[in-house]
Amino acid sequence: MAVFKFFRISLLVLFLAIGCVGCSNGSDNAQLLNIIGSHGSGDGQFKYVEDFAFDYNGHVLVTDALNSNVQVFKLDGRYVTAFGGKGQGDENLKKPEGIAIDSDGNIHVADYLSGYIKKYSSQYQHLLTYSGYGPEKGHTLETEFMTFHPNGLLYVPEAGNDRISVFNMQGEFKFTFAKSGTGKGELIRPEAAKHNSKGQLVVADLGNHRIQIFDEKGNFLKAWGKEGSAPGEFKKPTGVAIDKNDNIFVADIGNSRIQKFNAQGEFQYMFGSAGRKAGEFGNLHGIAIGPTGKLYVADTANHRVQVFSVK
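Residues numbered from 1 in each chain as written. Predicted model: local features only at pLDDT ≥ 70, side-chain atom pairs only at ≥ 80, totals over all residues. Heavy atoms only, no water.

## Some remarks on the pairing of strand β18 (residues 237-242)
Extensive coverage of β18 is indicated by the burial of six of its six residues. In terms of strand pairing, β18 meets strand β19 (residues 248-252) through four bridges, oriented antiparallel. Within the sheet, the bridge partner assigned to I242 lies in β19 and is I248. Counted between consecutive antiparallel strands, the loop separating β18 from β19 contains five residues, among which D246 sits at a positive phi close to 70°. (Buried < 20%, exposed > 50% of the residue type's maximum accessible area, 1.4 Å probe, protein only. Helix = DSSP H or I, 4+ residues; strand = E, 2+ residues; numbered from the N terminus. Pairing = 2+ DSSP bridges.)

Pasting the structure below:
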C-alpha cells in the first residue's frame, strides 16, 4: 500500500511539474496546481461533482449529485468531512447541485430532484428546509448554481422553469424573473447565476449558448455569445466564476474548455480540451474563484476537482 501511495503521489507531482498539459491558447495564463478526488463513494471521492462554495472556516464545499452529499475540504485539498447524504431525514439530500453561503455563514444547498433548498449551520447541522418542487412561484424545478447577493437575497437559476427565483436568508420567496425564450432577457435552461462587485448577475444561459447580465431586480442589461467553438462562442455554458476585478470565467460543456472575459464581456483567453489527463476536462460543470484567487473546476466526467492559478 505504501508503494502504491508513493506511485500516485509521484504521478501527481509529474503532472504538476509539466503544467497545464490540456491547456490551449491560454497555457501561459492558466497553470494546474492541484487535483482533488477520484471516482468512488469514500471520503474525498466523487461520482458527479457539481459546484462549489467557500465557507467562513476556510474550507471549500463541493456538491456531489450522485453521492447525494456535500464534501468539505481544506483549500489545499485535504478532506475534512461530509454532510447531507442519502436518506429520508431533514438533513439528507437527493441530488445536490447549487450551493451558496449567506452573510451569517449558513450554507444553503439546492436539491435538483426534490425542489427543496436546505439550510445548514456553519457546523453543517440542518436548520431549515424551504421551497418545493414545481412551476408555481416560490417552488423550484431543476435548480442549478446559485449565489447570495450582497443585498442578502439568494438568486436560484431553475433549468426546469427557465427563470431565476429569489429568496431571502430565511427562505422566504421574494420574486422571480425571466421566462422561457430566445429573446433578450429570456432563458433556456439557465445553469448558473453569480454576482459581480457591482451587484450585477451573470447568468449562464445554457440552452441559448450565451451569457446574459441582469441587475439585482432582474432587469436585462446585456448579453454575448452564440453557439460555436470560436473564441467567445459557447456550446452549453455551465459554470460561472467572477474574480476580484470582475473578470468572468465560463465553463463550456460542449467545447470542454474555460473562457475568460473581462468585465465588459470581451474575450481574453481560453484553456482546456477534452480528455482525462491532468488539465483536460470532461462534462464541465461548476467553477469558482477561491479566497486566494485560484480557480476550482468541477471536472465531472473525470470525478475530480482541478485547481488552477489564473491570470
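Read on for the rest.
## Digging into the confidence of the model for the chain
When pLDDT is averaged along the chain, the result is 93; 91% of the residues meet or exceed 70. Counted against residues more than four places away or in other chains, residues 1-24, with its pLDDT under 50, gives 29 contacts. (pLDDT = per-residue confidence, 0-100. Contact = heavy atoms within 4.5 Å.)

## A few points about the pattern of salt bridges
Going through the model one piece at a time under the given rule, you end up with 10 salt bridges. Note that D205 and R210 form a salt bridge whose closest N and O atoms lie 2.7 Å from each other. A residue is classified by how much of its surface remains accessible, and D205, at 0% relative accessible area, is buried. Across the pair D299 and R304 runs a salt bridge, and its minimum N-O distance is 2.5 Å. The pair D299 / R304 is uniform in exposure class, with both members buried. (Salt bridge = Lys/Arg side-chain N within 4 Å of Asp/Glu carboxyl O.)

## Description of the sheet that holds strand β12 (residues 163-168)
Strand order in the open sheet made by the four strands is β10-β11-β12-β13, with antiparallel pairing throughout. Taken across any chain shown, the strands that pair with only one partner, and hence form the sheet edges, are β10 (147-148) and β13 (173-177).

## Examining the environment of K244
Inspection of the secondary structure puts K244 in the loop between β18 and β19. Through-space distance from the C-alpha of K244 to that of P291 is 9.7 Å; in sequence the pair is 47 residues apart.

## A look at the nonpolar core
If you look at the biggest cluster of nonpolar residues, it comprises 17 residues, and the most contacted ones within it are F249, I258, F271, I287, L295 and V297. Of all the elements in the fold, those that place two or more residues in this core are β1 (30-36), β19, β21 (267-271), β22 (284-289) and β23 (295-299). (Core = buried A, V, L, I, M, F, W, Y, C linked by side-chain atoms within 4.5 Å.)

## As for the environment of I242
Examined against the element boundaries, I242 turns out to sit in strand β18. Excluding residues within four positions of it along the chain, I242 makes contact with K194, H195, N196, V202, N247, I248 and I289.

## Section: the sheet that holds strand β16 (residues 210-214)
Taking strand neighbours across the sheet as the criterion, the four strands line up as β14-β15-β16-β17 in an open arrangement whose pairing is antiparallel. Two strands in the sheet have a free side with no partner beyond their single neighbour: β14 (190-195) and β17 (220-224). The average angle at which neighbouring strand axes cross in this sheet is 20°, direction not considered. Taken together, the five bridges between strand β15 (residues 201-205) and β16 define a ladder with antiparallel strand orientation. Across the sheet, V202 pairs through a bridge with I213, a residue of β16. (Axes fitted to C-alpha atoms, helices over the stretch in contact; angles between N-to-C directions.)

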